[in-house]
Each structure stands twice: as C-alpha cells, then as structure tokens.
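# Coordinate inspection notes
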Amino acid sequence: MINKIKSSHQEALQPIHDGASIMIGGFGDAGIPFELIDTLLAMGTTGLTVISNNAGAGERGIAALIAAGRVRKVICSHPRPPRSDIFANAFRAGQVELECVPQGTLAERMRAAGAGLGPFYTPTGYGTWVANGKQTCVIDGKGYVLEQPLSADFALVRAHQGDRLGNLTYRLAARNFNPVMCMAARHAIAQVDEIVQAGDIPPEQVMTQAIFVQSVVLAGSST
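What you are looking at is a predicted structure, and each value in this text was computed from that prediction instead of being measured. (Residues numbered from 1 in each chain as written. Predicted model: local features only at pLDDT ≥ 70, side-chain atom pairs only at ≥ 80, totals over all residues. Heavy atoms only, no water.)

The end-to-end C-alpha separation of helix α5 (residues 103–114) is 17 Å, in line with the 16 Å expected for 12 residues at 1.5 Å each. Of the positions making up α5, those classed as buried are Thr105, Leu106, Arg109, Met110 and Ala112. In a view along the axis of α5, the buried residues occupy a sector of 160°, so they form one face of it. Gly116 lies just past α5 and shows a positive phi near 75°. (Helix = DSSP H or I, 4+ residues; strand = E, 2+ residues; numbered from the N terminus. Expected span 1.5 Å × (residues − 1). Buried < 20%, exposed > 50% of the residue type's maximum accessible area, 1.4 Å probe, protein only. Arc of directions from axis to C-beta.)

On inspection of all chains with the given rule, the structure shows 0 disulfides. Free of any disulfide, Cys182 has its nearest cysteine sulfur in Cys76, 20 Å distant. Judged by its relative accessible area of 1%, Cys182 is buried. (Disulfide = S-S within 2.5 Å.)

Going through the model one piece at a time under the given rule, you end up with 1 aromatic pair. For the pair Phe87 and Phe91, a centre-to-centre distance of 5.7 Å together with 20° between the ring planes defines the contact as stacked. Within this pair, Phe87 and its partner Phe91 are both found in helix α4 (residues 85–92), separated by 4 residues, close to a single helical turn. Residue Phe87 is classed as buried on the basis of its relative accessible area of 3%. Against the face of Phe34 rests Arg60, its NZ or CZ located 4.1 Å from the ring centre. (Phe/Tyr/Trp six-rings, centres within 6.5 Å; stacked < 30°, edge-to-face > 60°. Lys NZ or Arg CZ within 6 Å of the ring centre and 35° of its normal.)

Attention now moves to the environment of Gly31. Relative to the assigned elements, Gly31 resides in the loop between β2 (21–24) and α2 (34–43). Gly31 sits in the buried class, given a relative accessible area of 4%. Separated by 186 residues in sequence, Gly31 and Val217 place their C-alpha atoms 15 Å apart. With residues near it in sequence (within four places) discarded, Gly31 still touches Gly25, Gly26, Arg158, Ala174, Asn176 and Asn178. (Contact = heavy atoms within 4.5 Å.)

To continue, consider the pattern of salt bridges. The full count for this structure, using the stated rule, is 9 salt bridges. Notably, a salt bridge pairs Arg80 with Asp85, separated by 3.8 Å at the nearest N-O pair. You can call Arg80 partly exposed: its relative accessible area is 42%. Relative accessible area serves as the criterion here: at 48%, Asp85 is assigned to the partly exposed category. In this structure, a network of salt bridges that share partners links the residues Lys73, Glu99 and Arg109. (Salt bridge = Lys/Arg side-chain N within 4 Å of Asp/Glu carboxyl O.)

The values reported here are purely geometric and, on their own, carry no functional implication.
This is the structure in structure tokens:
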C-alpha cells in the first residue's frame, strides 16, 4: 500500500544532501514551510541553492539558512522584501550568489520543467540586463528572450491537507508557487496542517496530484 506519510520532519528531509538545489514555496509569509526549514537548518545541510520567490525576510526561514552560511546561491524574483538585511549583508560580503528572475518568468521556467518542455521565448526582460548572455530574437517586430526550464533536486512546500498518496490542497494564497514547485522538483516534501484519508479530498479540489509528491509530514511532528 502506498504511504508517503513520514513520522517526523527529519525523516522527511533525510534525502537532502549537501550541495542540493531546493525550491521553497511561499509568497510573503503565506505558504512557507517554516518547520521544514527549521529542521533543515538543524540538520546542518550546506552548500544549498535555494529557489524561491524572495531571498528571505526577518530571521526565519530562508533568512536563517543564509545567516548560518548554508546557502551558496539564491534564485528568486524579489531579493529585497522588507526586513531582508540578512540576505543583503551576505550578498554584499560575497557570501551568497544571486540570480534574479522576473516573477512571471520564474513561474514559467518551473512550469516548463514540470511539464517536460524545453526553452521558451518571453518578451519580459528584452533589452535589459535580464537578457545578458541569453539568446534573443525579434518576431513580428517584438523582442523576445529565450529562457530555460528550471528544475531542482527537492521542493519544500506547505499545504493545508495531504493524504497518504501525496495528494495536496492549499488554503487561499498559501497555494502560490507550491504546486508548480512540486512539479518541477525531482523530490517534493510537503508539510501539511492536516493528514486526511485517501479519497477525503474531492478530486476537483486536489491542487497538487500525488504523482508529484514523495513525502508528506504533519506540521508539528517531532524533528
């Protein structure tokens, strides 16, 4: 019987290795898997490439990983949200690299990877530094930049409900990047508020299908 539920956050995160690339869901504070990140921090994993909407705020989450020197590179669309001094100081000191990607392009690069598609053209960033080093073209008088699919070794996401098969549902804005990150990562780990029986989530309300999720762990589980 398929059962992707893990007994603790540490068990769920055990496959993550030094040097891994990790997509971390969230927009603002909504949908961020803070408990998974706290456990990852405690495990000492280092040399990480973090792919997220922003580069962390305050002293929790991604910011805590950066402060502890665990992050080698950040790929994001919004590196300087309010209270992002930890990232800013680390970047100025040359302790962390940054690849800044327009938000829509970031989402589409992940979606392309998850759907098994190749590179795609977008007008976003044409004629700016975003296009530096990338193939560009003009079609019907409009400039485009060729962008590459973006995948990762792992995704850490926060969902509202999950079942033993790995089906997930989210609450309101907490959905954000989480579904597409599960698609784009080779191993998705979901922190959920509630574990329900298989079949309890109506099919039309499944927002991330089980095929894209490898581990489910209850928020508050011992680390």
